[in-house]
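Given next are the chains, with one letter for each unit.
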2 protein chains.
Amino acid sequence: MDYFKESLKLHAEHKGKMEIKSKFPLRNFEDLSVAYTPGVAEPCRKIADDVNDAYKYTTKANTVAVVTDGSAVLGLGNIGATAALPVMEGKCLLFKKFAGVDAVPICIETQDPDEIIDIVKNISPAYGGINLEDIKAPQCFYIEKKLKEILKIPVFHDDQHGTAIVCLAGLINAFKLTGRDFKTSKIVIAGAGAAGIAIAKILIIRGVKNIILLDSKGVIGRSRKDLQFMKKEMAEITNPGNIVGGLKEAMVSADVFIGVSKPKIVSSAMVKSMNDDAIVFALSNPVPEIDPEMAKKAGAAIVATGRSDYPNQINNVLAFPGIFKGALKLRNKQITDKMKVNAAVALAESVKNPSAAKIIPGVFDKGVAEIVARVVVRS
Amino acid sequence: MDYFKESLKLHAEHKGKMEIKSKFPLRNFEDLSVAYTPGVAEPCRKIADDVNDAYKYTTKANTVAVVTDGSAVLGLGNIGATAALPVMEGKCLLFKKFAGVDAVPICIETQDPDEIIDIVKNISPAYGGINLEDIKAPQCFYIEKKLKEILKIPVFHDDQHGTAIVCLAGLINAFKLTGRDFKTSKIVIAGAGAAGIAIAKILIIRGVKNIILLDSKGVIGRSRKDLQFMKKEMAEITNPGNIVGGLKEAMVSADVFIGVSKPKIVSSAMVKSMNDDAIVFALSNPVPEIDPEMAKKAGAAIVATGRSDYPNQINNVLAFPGIFKGALKLRNKQITDKMKVNAAVALAESVKNPSAAKIIPGVFDKGVAEIVARVVVRS
């Protein structure tokens, strides 16, 4: 199937992918008087008295805003707020399908981080949570940090933490299968955007000591003079041996390769230079950093990709619906590192008999969002 | 039925009144690949090439943002953005029910007009239109004016123009029945907020020469020294005789009284002082400016209210769903005075045999939104 052609057809046929549905019918004046004036004044008065009553009487209880400025959309780059809308609608559908959460796209025209923060703060009353989406690095780090400080409702940048949680979940089982320990393993991460940095951070929280993070210019380390604020911070907490060079140098004796960068940057020789029973997560999508078959032939024991047509798909959708389903129950609490790590552990443990071909749940496995939601609420 | 009690129960039961519905199922990886990645990249690319393609491929084509700052909600006053949410949700339900238009609440925390303008501008990409709602006067006039200048998509403050259109529609038939002419009639409007001023303006466009507008301090005229910008403007274009005084003085020899103010401010004596076959629109809700029976006894030939349990309910819902249904088809055009007047004429004409008890369509009459939408598109 030509997905591009089909997608265009489908979008044109329906004029977008979502619509509003009333939770009850407006059949007559009595219905109107209860749902709207004069009856509606009563829930309004209750909320005016105690703003937390919005969770009792309104859609705030179950609604997430999917917020983008369209600056880093899929592999398409900075296509702007309007062109990002089909992706945001898609995301909203995933929220509903996998966790029963109502989500609405908020497409913001400005790409000034402080303006975005101000706008999100000001439109937050109607939402129980904010999912930041497809906002470019390093702005995304600043925007998320500030919003978490300012807002009471949970804020979560899925491109960072969704990917990081599912990645960690897969690694937990991959480590079990290959007898590895987080403390003693060397992990190479290619790509220092939103996902790469979040993966590095969650791995450090999990106990990893030896992470080598690379951007398009090579290994990030303390000798690099060209680093922005977030990469500079990463240079301090990764690359303990302070190595320099490119991917080839970094991969030698690595236990794990995680790619969140570009197609085909990893060669067979690089995988061969890794430790025995290497773990390769080639997550660039749709074309991975290395062909999974090629990685296996070069000695990788476990391979994961971002694709649904290979085993072990590292897909955000395993995390974010459950994360928000849980967070919406907590109401005025931010999503913590502990919640994220526990969600990853729960995802890993939900695979009953992990194998090289099944280290994480499948996207359509039942009950995944519920498992994640429960662990978020308990954390 | 105790509408307040029932409303609270219903809102608590459902946690708000609306939800998101997917326009097609996500059953398997093929569905995901078409609705989301990788297929979704194609509509994104098309819109990035031509931003107007958003109307072809996204929910922008049929989605209106219902925007409030919660500063003038129903009769409750300035209860804030969060407490306004039940009303905004109700409004969204009316959009869907009466015109099939998808609408979403946008509740804005700040009440600074320039900040509101900036926020609405920045979040406009996902919407085909902006319905301003329950924003206090005089800020609402400035916000609407500026947004109409800045944005390409239609902007409409329903509290002003929805009320004005339906009011004019009712008057057209009331004038037919009582043999009156717009040019020679004297019309008294009590209430110089959003609705009162918009009614005065549409009546002037329709040809009325003698309008007396009153605020809480009395008749608005050129001798008043306490007037803000919009009332000052109204002093220039109403009250040609430059009369001074209160409602009692204003009502003498009036042909029409329109109340958009407070309960029970009109006495029998005042109605008796009007011209024969007087027309009384007592729209304060739920308690009108004068009891309809009392108005009739005092000599009013035609009485309208805002209530569903009396004849001739002047209800915005006869206008705004159709106005936006039409405006969404026009896409990048503002709603003009001509469209509004033509919509009122069409609403009046849609009543086949007007009588004192039926000067406007009923809220649940079929096809009303379609009639209004067609006239907007043609205007």
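Here is a short report on the structure shown in this document.

1. Description of the interface of chain A and chain B
Interface size is commonly expressed as the accessible surface area that is lost when the partners come together. Contacts between the two partners involve 91 residues from chain A, matched on the other side by 91 residues from chain B. Summed over both partners, the interface of chain A with chain B buries about 8800 Å², with 70% contributed by carbon and sulfur atoms. Counting the contacts that link chain A with chain B gives 6 salt bridges. In this structure, the salt-bridge partner of Lys96(A) is Glu19(B), at a minimum N-O distance of 2.8 Å. Inspection of the chain A/chain B interface yields 32 residue pairs in polar contact (both at pLDDT 80 or more). The element best represented in the side of chain A that touches chain B is helix α5 (residues 85-99) of chain A, accounting for 10 residues. Counted by class, the side of chain A that touches chain B contains 50 nonpolar, 18 polar and 23 charged residues.

2. Remarks on the pairing of strand β11 (residues 300-305) of chain A
All names here are of chain A. Of all 6 residues in β11, 5 are buried, a share of seventy percent or more. Looking at chain direction, strand β10 (residues 278-282) and β11 are connected through 5 bridges and run parallel. Among the inter-strand pairings, isoleucine 279 is bridged to a residue of β11, identified as isoleucine 302. As for the winding sense of the linkage, the β-α-β connection from β10 through helix α13 (residues 292-297) to β11 is right-handed.

3. Regarding the packing of aromatic side chains
Residues and elements named next belong to chain A. Following the criterion strictly, the structure yields 12 aromatic pairs over all chains and no others. Their ring planes at 70 degrees and their centres at 5.5 Å tell us that phenylalanine 95 and phenylalanine 324 sit as a pair that is edge-to-face. Here phenylalanine 95 is found in helix α5, whereas its partner phenylalanine 324 is found in helix α14 (residues 320-330), with 229 residues between them in sequence. A relative accessible area of 0% places phenylalanine 95 in the buried class. Given the relative accessible area of 0%, phenylalanine 324 is considered buried.

4. Description of the relation of the copies chain A and chain B
The operation relating the two chain copies consists of a rotation about an axis and a shift along that axis. Turning chain A through 180 degrees and shifting it by 0.0 Å along the axis lays it on chain B, with an RMSD of 0.0 Å. Between the two chains, the operation in question is that of a two-fold axis. Of the C-alpha atoms belonging to chain A, the one lying closest to the rotation axis is found on Ile20(A), 2.5 Å away. The residues that chain A uses at the interface reappear at the interface of chain B in 100% of cases, marking a shared surface.

Rules used throughout
Residues numbered from 1 in each chain as written. Chains lettered and ligands numbered in written order. Predicted model: local features only at pLDDT ≥ 70, side-chain atom pairs only at ≥ 80, totals over all residues. Heavy atoms only, no water. Contact = heavy atoms within 4.5 Å. Buried area = accessible area lost by both parts, 1.4 Å probe. Salt bridge = Lys/Arg side-chain N within 4 Å of Asp/Glu carboxyl O. Polar contact = N/O pair within 3.5 Å; in protein donor to acceptor, adjacent residues only side chain to side chain. Helix = DSSP H or I, 4+ residues; strand = E, 2+ residues; numbered from the N terminus. Nonpolar A, V, L, I, M, F, W, Y, C, P; charged D, E, K, R; others polar. Buried < 20%, exposed > 50% of the residue type's maximum accessible area, 1.4 Å probe, protein only. Pairing = 2+ DSSP bridges. Right-handed = clockwise from strand over helix to strand, strands pointing away. Phe/Tyr/Trp six-rings, centres within 6.5 Å; stacked < 30°, edge-to-face > 60°. Least-squares fit on C-alpha atoms with pLDDT ≥ 70 in both.

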